Amino acid sequence: MRNIVATLILTASSFVYASSGWDVSIHEDWATLYDTHRGELSLTEAVNSVPKDIWLRSFRVFLSENDHALQKELHEFLSSNYPDLHAEALSSAGNMHNPKVTALREPINQAILASSLAKEIGIALTSRCERIVSTSYEKFMIRKKDGHPIYSAMVWLSTEKCT
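Residues numbered from 1 in each chain as written. Predicted model: local features only at pLDDT ≥ 70, side-chain atom pairs only at ≥ 80, totals over all residues. Heavy atoms only, no water.

## What about the layout of surface pockets?
Of the pockets and cavities examined, the second largest pocket occupies roughly 200 Å³. In terms of lining residues, the second largest pocket is bounded by Glu65, His68, Gln71, Lys72, His75, Lys145, Asp146, His148, Pro149 and Ile150. Top element by residues in the lining of the second largest pocket is helix H3 (residues 68-81). It accounts for four residues. The residue inventory of the lining of the second largest pocket, partitioned by class, reads two nonpolar, four polar and four charged. (1 Å grid on protein atoms, 1.4 Å probe; cavity = no way out; pocket = protein on both sides within 12 Å on 5 of 7 lines; lining within 4 Å. Points joined across faces, edges and corners; volume = space filled by probe spheres on them. Helix = DSSP H or I, 4+ residues; strand = E, 2+ residues; numbered from the N terminus. Nonpolar A, V, L, I, M, F, W, Y, C, P; charged D, E, K, R; others polar.)

## Focus: H3
Spanning 14 residues, H3 covers 20 Å between terminal C-alpha atoms, matching the ideal 20 Å at 1.5 Å per step. Against helix H4 (83-90), helix H6 (105-113), helix H7 (116-124) and strand E5 (148-161) lie the buried residues of H3. (Expected span 1.5 Å × (residues − 1). Contact = heavy atoms within 4.5 Å.)

## Notes on the pairing of strand E3 (residues 55-62)
Pairing analysis gives five bridges linking strand E2 (residues 30-35) to E3, with the strands arranged parallel. Looking at the pairing, Ala31 lines up with Leu56 of E3. In this structure, E3 lies alongside E5, joined through five bridges in antiparallel fashion. When the sheet's bridge partners are listed, Phe59 is paired in E5 with Leu157. (Pairing = 2+ DSSP bridges.)

These figures capture arrangement, not role.
Right, here's the structure in full:
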């Protein structure tokens, strides 16, 4: 029994480790963090690896169908705050050029900024004099899987230095 539990714990921790990780790209006076499947650093480790005199300018993440918590947060935010626009987008083809989906451009930005992802990044930035100020994305789409919406996009969270 102990071996089964140990194997399950090891498998679960390996899956979590393999499913996310951060890479750091440092330029002359600014840096970007990328959430990737191959990254080796936790968010906190990645933030702490950037020297304090380098501006941590942006974070890039992909909305993943495997991040069930974030998918649920986005769905609940849009359903609660933009019920009509959200319902129309869900009942249409969810491609990025569909006018019913493009109507959610600003609402999805708000949903991302209100998400636990943005809060987690904000907490990681408390050791630095930076904060998230905006989000943008590319290729926002909504598709359905087993009757549930899946939100996908490449998201950029941008920061500014504290004044």
